[in-house]
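Residue-level listing of the chains:
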There are 2 protein chains.
Amino acid sequence: MPELRRDPVVGRWVIISTERSRRPSDFASAPVHPKGTGPCVFCPGQESRTPEEVLAVREPAGPPNGPGWAVRVVPNKFPALRIEGDLEPAGEGVYDRMNGIGAHEVIIETPDHGASLAGLPETQVVAVLETWRRRMVDLQKDARFEYVSVFKNHGEAAGASLEHPHSQLIATPIVPMMVEQELQGALRYFRMKKRCIWCDIIRQEMHSNARGRGRLILGEGGFVALCPYAPRFPFETWILPEGHRSSYEDAEGVDFGALARLLGEVLRRMNQVLGDPAWNLSLHSAPMKIPALDHFHWHLEIIPKLTKVAGFEWGTGFFINPTPPETAARYLRAGLPTGTTDRDLS
Amino acid sequence: MPELRRDPVVGRWVIISTERSRRPSDFASAPVHPKGTGPCVFCPGQESRTPEEVLAVREPAGPPNGPGWAVRVVPNKFPALRIEGDLEPAGEGVYDRMNGIGAHEVIIETPDHGASLAGLPETQVVAVLETWRRRMVDLQKDARFEYVSVFKNHGEAAGASLEHPHSQLIATPIVPMMVEQELQGALRYFRMKKRCIWCDIIRQEMHSNARGRGRLILGEGGFVALCPYAPRFPFETWILPEGHRSSYEDAEGVDFGALARLLGEVLRRMNQVLGDPAWNLSLHSAPMKIPALDHFHWHLEIIPKLTKVAGFEWGTGFFINPTPPETAARYLRAGLPTGTTDRDLS
């Protein structure tokens, strides 16, 4: 049984995963997935090689666990957390733990093994975005879970162990530390100003861009993409709804087509500018089960994997970013290919 | 001029480095340092190829910036921060910034290019540990700096760009976020319990080990090495003084020989168990210029680089660790080579 454990100093919870337990010799011989030869476990026709699906988009409707799907959600075969059981929170001296209960699912984004999110048609990306939402809504019903983290690793350098386009979600009984920090910071701001900090950021960025030196990349149907003011990583990019909205699941009046177009365009420009980099994407939404929040604003964070994180960053949480976000945004606005000089962008 | 910028939501400061500024095309062609052919810039006889030394251990004494040194400290040739100038903190709407002022130094740990910290004689490691302390004490005198981060990247996978054994330090006008979080968490604990949390952790770990299922690795002359209860990474290891002490610089009555022996032994066992892994080391000490703290306890954190950090971790701050620290400590206590089975350790 995996365990959730709390660091007694900073209060950060970690997952001690036993299903994926690794002894010293396992690190040297990390599994290498052969590429391109024959269908993979996520390919159509291979449905029996995954755990039974929890959701699939099939039009026309068909029997589960067979081909004919556009998007398919299955439990992760090597889950970080276990779905069955009770939390049984317990203390042991200065330490706190609970059973590693949670959901760990894989969202197979397309039947096409060789496709990529950047290249999928808009309707297919909409189906993926809708699937994230439907799974979040469904997992909210489980009284044990406080948060659903949706994320995607694209490319081996970003931690993807399978090529076939897929995203993942992990539902946890704990609100993750980074979301907790965002909630606290945003609440402090709201108490002072009576405004959402992300709404203020969007307003300020729009104003700055109008003056020609901003970090805004582009907007589309009620969504904006921008490089944040103090990014940890070069070319880090956020996508946010322009209007205030705390929960991704709250889709009333949201134009998922516009979000799909904007996300696709940002990824295509990253590919042009950075030459098909590996990247990580994560969705930050308000914790489930609480009513809409005035101080939280959901957003996507996309981090291209360009630099190595080393001892200074791991030890201090202080990041050195070699690319000012204004420079990154200028490139991503232009979408110019690798090798373009600054002069070309004047 | 580099900049320090604050994320307006979570309050994390980042360094936007301009000396190391990188445009898109620079990421693809990261510099590769040729290995082994001729002396490197950190080798004896090459002193003129580095900026002028700020400190060197020379016995017998000799002129600066020539050979004959045991340990040598030089400014980083490509510093993340600039030493000259004023902070000039400024606001811009929701954002806060200041000039990227700080010290970025390299501690060359030995004249021997092919050596490694794990293999250096005790006296040489003591000289390195003392040099860290001397630089911290000296940098405290600069009114602009609040914190000195000492860290080391060992191996290319851990971010080391030069082979020759060296550690680094970065002095900043900001206390790094992770240290700030440790200070806050530890103060909360102290206010409740009137005890240092790390003192309590050490006590509890010693008691647990006596019962045969602990995370303690070994102790030496007033220092202990242990795998923390809720580690982010497999085989993460902390080294702490057994008695309470908040500042590394406060060396009165501290046996640096014992610390050197313990650090060396931990690194050698990691090499045995994990087959010469890359690793990061960082020193966590109380911020400079404040008197000794009852609630903070300095420590070294060592993180072998064994797993990839992916979207879930970057997006949430939630870490999945595939190796329980009890397992890691059992291996590190035994120091058995890679490939040993669990059965051998029963």
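Residues numbered from 1 in each chain as written. Chains lettered and ligands numbered in written order. Predicted model: local features only at pLDDT ≥ 70, side-chain atom pairs only at ≥ 80, totals over all residues.

Q: Please explain the overall build of chain A as it appears in this structure.
A: Across its full length, chain A holds seven helices and 15 strands. Overall, the C-alpha framework of chain A stretches about 55 × 50 × 45 Å when taken along its three principal axes. Per-residue burial over chain A gives 49% buried out of 346 residues. Taking the intrachain contacts of chain A between residues at least 6 apart in sequence as the baseline, contacts between residues at least 24 apart amount to 67%. (Helix = DSSP H or I, 4+ residues; strand = E, 2+ residues; numbered from the N terminus. Buried ≥ 20, exposed ≤ 12 C-beta atoms within 10 Å, placed from the backbone. Contact = placed C-beta atoms within 7 Å.)

Q: How should I be thinking about the sheet that holds strand S12 (residues 237-241) of chain B in this particular structure?
A: Two modes of strand pairing occur in sheets, parallel and antiparallel, and in both the strands are linked by backbone hydrogen bonds. Residue and element names in this part refer to chain B. If you trace the 10 strands from one edge of the open sheet to the other, you get S3-S4-S7-S9-S8-S13-S14-S12-S11-S10, paired in antiparallel fashion. Of all the strands in the sheet, just strand S3 (55-58) and strand S10 (216-220) have a single pairing partner and so form its edges. Each neighbouring strand pair of the sheet contributes to a mean axis angle of 15°, computed without reference to strand direction. Bridge count between S10 and strand S11 (residues 223-226): four bridges; the pairing is antiparallel. By the bridge assignment for S11, Gly219 is matched with Val224. Docked against the sheet, helix H7 (residues 325-334) engages S10, S11 and S12, running at close to 45° with respect to S10. (Pairing = 2+ DSSP bridges. Axes fitted to C-alpha atoms, helices over the stretch in contact; angles between N-to-C directions.)

Q: Before we go on, may I ask you to explain the pairing of S12(B) in this structure?
A: Successive side chains on a regular strand alternate, one facing one side of the sheet and the next facing the other. Residue and element names in this part refer to chain B. In terms of burial, S12 is largely enclosed, as five of its five residues are buried. Going residue by residue along S12, you find Thr237, Ile239 and Pro241 tucked away on one face and Trp238 and Leu240 tucked away on the opposite face as well. Here S12 pairs with strand S14 (residues 299-304) via three bridges, running antiparallel. Residue pairing in the sheet places Ile239 in a bridge with Leu300 of S14.

Q: When you look at unusual backbone geometry in this model, what are you seeing that I'm missing?
A: One can expect most non-glycine residues to show negative phi and most peptide bonds to be in trans. Cis geometry is adopted by the peptide bond preceding A:Pro60, which originates at A:Glu59 and carries an omega value of 0°. By the element assignment, A:Pro60 lies in the loop between strand S3 (55-58) and strand S4 (69-75). Backbone geometry at B:Lys289 places phi at a positive 70°, although glycine is not the residue there. On the secondary structure map, B:Lys289 appears in the loop between strand S13 (279-284) and S14.

Q: Is there a simple way to explain the sheet that holds strand S15 (residues 319-321) of chain A in this structure?
A: Sheet architecture is open: five strands sit in the order S15(A)-S2(B)-S1(B)-S6(B)-S5(B), paired in mixed fashion. Every other strand in the sheet has two partners, leaving S15 of chain A together with strand S5 (90-92) of chain B as the edge strands with one partner each. Taking the axes of each pair of neighbouring strands and ignoring which way they run, one obtains an average angle of 30° across the sheet. Sheet topology places strand S1 (residues 3-6) of chain B next to strand S2 (residues 13-16) of chain B; four bridges connect them, and they run antiparallel. Looking at S2(B), one finds that B:Arg5 is bridged to B:Val14.

Q: Please explain the packing of helix H2 (residues 122-139) of chain A against helix H5 (residues 256-274) of chain A as it appears in this structure.
A: When two helices pack together, their arrangement is given by the angle between the helix axes and the distance between those axes. Residues and elements named next belong to chain A. Following both chains from N to C, one finds H2 and H5 inclined at 110°, their axes separated by 9 Å at the closest point. Between H2 and H5, the interaxial angle falls into the category roughly perpendicular. Where H2 approaches H5, its residues Glu122, Val125, Val126, Leu129 and Glu130 are matched on the opposing element by Phe256, Gly257, Leu259, Ala260, Arg261, Leu263 and Gly264. (Parallel < 35°, antiparallel > 145°, perpendicular 65-115°, else oblique.)

Q: Got a minute to help me understand the domain arrangement of chain A in this structure?
A: One frequent convention defines the size of an interface as the accessible area lost when the parts assemble. Residues and elements named next belong to chain A. Looking at chain A, the domain boundaries give domain 1 (3-176) and domain 2 (178-345). Computed over C-alpha atoms, the centres of domain 1 and domain 2 are 23 Å apart. Residue-level contacts link 28 residues of domain 1 with 26 residues of domain 2. At the level of elements, H2 and strand S8 (147-154) are the ones that each hand at least two residues to the side of domain 1 that touches domain 2. Examining the composition of the side of domain 1 that touches domain 2, we find that nine residues originate from one element, H2, more than from any other. Grouping the amino acids of the side of domain 1 that touches domain 2 by side-chain chemistry returns 17 nonpolar, five polar and six charged. (Domains from an automatic or database assignment. Nonpolar A, V, L, I, M, F, W, Y, C, P; charged D, E, K, R; others polar.)

Q: Quick question: what am I supposed to make of the environment of B:Thr323 here?
A: Take B:Thr323: it is sitting in the loop between strand S15 (319-321) and H7. On a C-alpha basis, the gap between B:Thr323 and B:Phe235 in space is 7.3 Å, while along the polypeptide they are 88 residues apart.

Q: Could you clarify how one ought to interpret the interface of chain B and chain A in this entry?
A: Contacts between the two partners involve 78 residues from chain B and, on the opposite side, 78 residues from chain A. It is helix H3 (residues 177-193) of chain B that provides the largest number of residues to the side of chain B that touches chain A, a total of seven residues. Per-class residue counts for the side of chain B that touches chain A are 42 nonpolar, 22 polar and 14 charged. Where strand S2 (residues 13-16) of chain A lies against S15(B), three bridges are found, and the strand directions are parallel. Across the sheet, the residue bridging to A:Ile15 is B:Ile320, located in S15(B).

Q: Hey, could you run me through the relation of the copies chain B and chain A in this one?
A: Both copies of the chain are placed relative to one another by a rotation about an axis and a shift along it. Rotating chain B by 180° and translating it 0.0 Å along the rotation axis places it on chain A, where the RMSD comes to 0.0 Å. Each copy turns onto its partner about a two-fold axis. Taking C-alpha positions as reference, the residue of chain B nearest the rotation axis is B:Val309, located at 4.7 Å. Same-surface contact between copies: 100% of interface residues of chain B are shared with the interface of chain A. (Least-squares fit on C-alpha atoms with pLDDT ≥ 70 in both.)

Q: Before we go on, may I ask you to explain helix H3 (residues 177-193) of chain A in this structure?
A: Given 3.6 residues per helical turn, the α-helix brings residues three or four places apart onto the same face. Residue and element names in this part refer to chain A. In this model H3 runs 24 Å from its N-terminal to its C-terminal C-alpha over 17 residues, within 8% of the 24 Å that 1.5 Å per residue would give. Among the residues of H3, Met178, Val179, Glu182, Leu183 and Ala186 are the ones counted as buried. All buried residues of H3 project into a common sector of 135° when viewed along the axis, lining one side. Among the exposed residues of H3, those oriented more than 90 degrees off its buried face are Arg191 and Met192. Lys194 occupies a position one or two residues after H3 and carries a positive phi of about 60°. (Expected span 1.5 Å × (residues − 1). Arc of directions from axis to C-beta.)

Q: Honestly, the confidence of the model for chain A in this entry has me stumped. Any pointers?
A: Detail in the predicted coordinates should be disregarded across regions flagged by low pLDDT. Per-residue pLDDT for chain A has a mean of 91; in total, 92% of the residues score no lower than 70. Confidence estimates for the predicted assembly give a pTM of 0.93 and an ipTM of 0.91. (pLDDT = per-residue confidence, 0-100.)

Q: Would you take a moment to explain the environment of A:Arg191 for this structure?
A: Its place among the elements puts A:Arg191 in helix H3. A sequence separation of 122 residues divides A:Arg191 from A:Trp69, and the C-alpha atoms of the two residues are 47 Å apart.

Q: Before we go on, may I ask you to explain the environment of A:Ile16 in this structure?
A: Residue and element names in this part refer to chain A. As for its placement among the helices and strands, Ile16 is situated in strand S2. Of the residues examined, Ile16 has 26 C-beta atoms within 10 Å and is grouped as buried. Separated by 11 residues in sequence, Ile16 and Arg5 have C-alpha atoms that sit 7.2 Å apart.

Q: Looking at this model, I keep getting lost on helix H2 (residues 122-139) of chain B. Mind explaining?
A: For H2(B), which comprises 18 residues, the first-to-last C-alpha distance of 26 Å matches the rise-based estimate of 26 Å (1.5 Å per residue) to within 8%. Within H2(B), the full set of buried residues consists of B:Gln124, B:Val125, B:Ala127, B:Val128, B:Leu129, B:Thr131, B:Trp132, B:Arg133, B:Arg135, B:Met136 and B:Leu139.

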